[in-house]
Amino acid sequence: LSMAFSPFKGPFAERIDKWESTLTLISDIIEEWVRVQRAWMYLEPIFSSDDIMRQLPTEAKRFTGVDRTWRKLMSSASNELDVIAYCKTPRLLPQFQDANQMLELVQKGLAEYLETKRVAFSRFYFLSNDELLEILSQSKDPLAVQPHLKKCYEAIHKLTFE
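Not measured: the values here are computed from a predicted model.

Reading the values: rules and limits
- Residues numbered from 1 in each chain as written.
- Predicted model: local features only at pLDDT ≥ 70, side-chain atom pairs only at ≥ 80, totals over all residues.
- Heavy atoms only, no water.
- Helix = DSSP H or I, 4+ residues; strand = E, 2+ residues; numbered from the N terminus.
- Rg over C-alpha atoms; globule rule 2.2 N^0.38 Å.
- Buried < 20%, exposed > 50% of the residue type's maximum accessible area, 1.4 Å probe, protein only.
- Contact = heavy atoms within 4.5 Å.
- Areas by Shrake-Rupley, 256 points an atom, 1.4 Å probe, with all protein chains shown as cover.
- Lys, Arg positive; Asp, Glu negative; His and termini not counted.
- Charge placed at Lys NZ, Arg CZ, Asp CG, Glu CD.
- pLDDT = per-residue confidence, 0-100.
- Salt bridge = Lys/Arg side-chain N within 4 Å of Asp/Glu carboxyl O.

On to the overall build of the protein chain. A tally of helices and strands in the protein chain yields seven helices and zero strands. The C-alpha radius of gyration of the protein chain comes to 23 Å, more than 25% above the 15 Å expected for a compact globule of 162 residues. Seen through its C-alpha atoms, the protein chain measures out along the principal axes to roughly 80 × 30 × 25 Å. For the protein chain, with 162 residues in total, the buried portion stands at 31%. Across the protein chain, every contact between residues at least 6 apart in sequence was considered, and the portion connecting residues at least 24 apart equals 55%. Working note: accessible area of the protein chain is about 10,800 Å², and carbon and sulfur atoms make up 58% of it. Taken together, the 21 basic and 23 acidic charged side chains of the protein chain have centroids lying 2 Å from each other.

Turning to the confidence of the model for the protein chain, a few remarks are in order. Across the protein chain, the average pLDDT comes to 90, with 98% of residues at 70 or higher. Looking over the protein chain, one finds the lowest element-wise mean pLDDT in helix α7 (residues 149–152), namely 84, and the highest in helix α3 (residues 57–79), namely 97.

Next up on the list: the pattern of salt bridges. Should their charged atoms come close, side chains of opposite charge can pair. Considering all chains together, one arrives at seven salt bridges under this definition. When the shortest N-O distance is used, the salt bridge between R71 and D67 registers 3.1 Å. Of this pair, R71 and D67 both sit in helix α3, four residues apart, roughly one helical turn. For R71, a relative accessible area of 45% gives the class partly exposed. According to the relative accessible area criterion, D67 is buried, its value standing at 17%. Put simply, R91 and D98 hold a salt bridge, and the shortest N to O gap is 3.7 Å. Judged by relative accessible area, which is 39%, D98 ranks as partly exposed. Through salt bridges with shared partners, a single ionic network connects E32, R35 and E104.

As structure tokens, this is what we get:
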């Protein structure tokens, strides 16, 4: 804040410091909030698949915990329209920080899982993480591979399943 460095701040120093700490807290919370939201939006459709939930039980449990916290925080945020009042909620920043740490662990576990699948079948290296997840999340449907065949095999465009 430029006011904090003003030579005329004397009578307002306490209020300026209070506002500076409040705005810093709000900024930190919103920064963590956006990180959680971005990761949650990416992971939520992945972990809505029963196949992925069964194949990654540890990550699924972590994601479920974060999901519960995220939904609770969003519900309370929608009930409190005053951002300053909401951001002063006790333990709000640590909750977002904890959620981000858990989501990072989930993403790391997911990346390790995808790598094991690629090691088992090297043609999967030609697919992006999202494409590979699409195939793996529909493991009971062999037709789910169809759109990705061109990337895995050079001369194969389509397979007929009997």
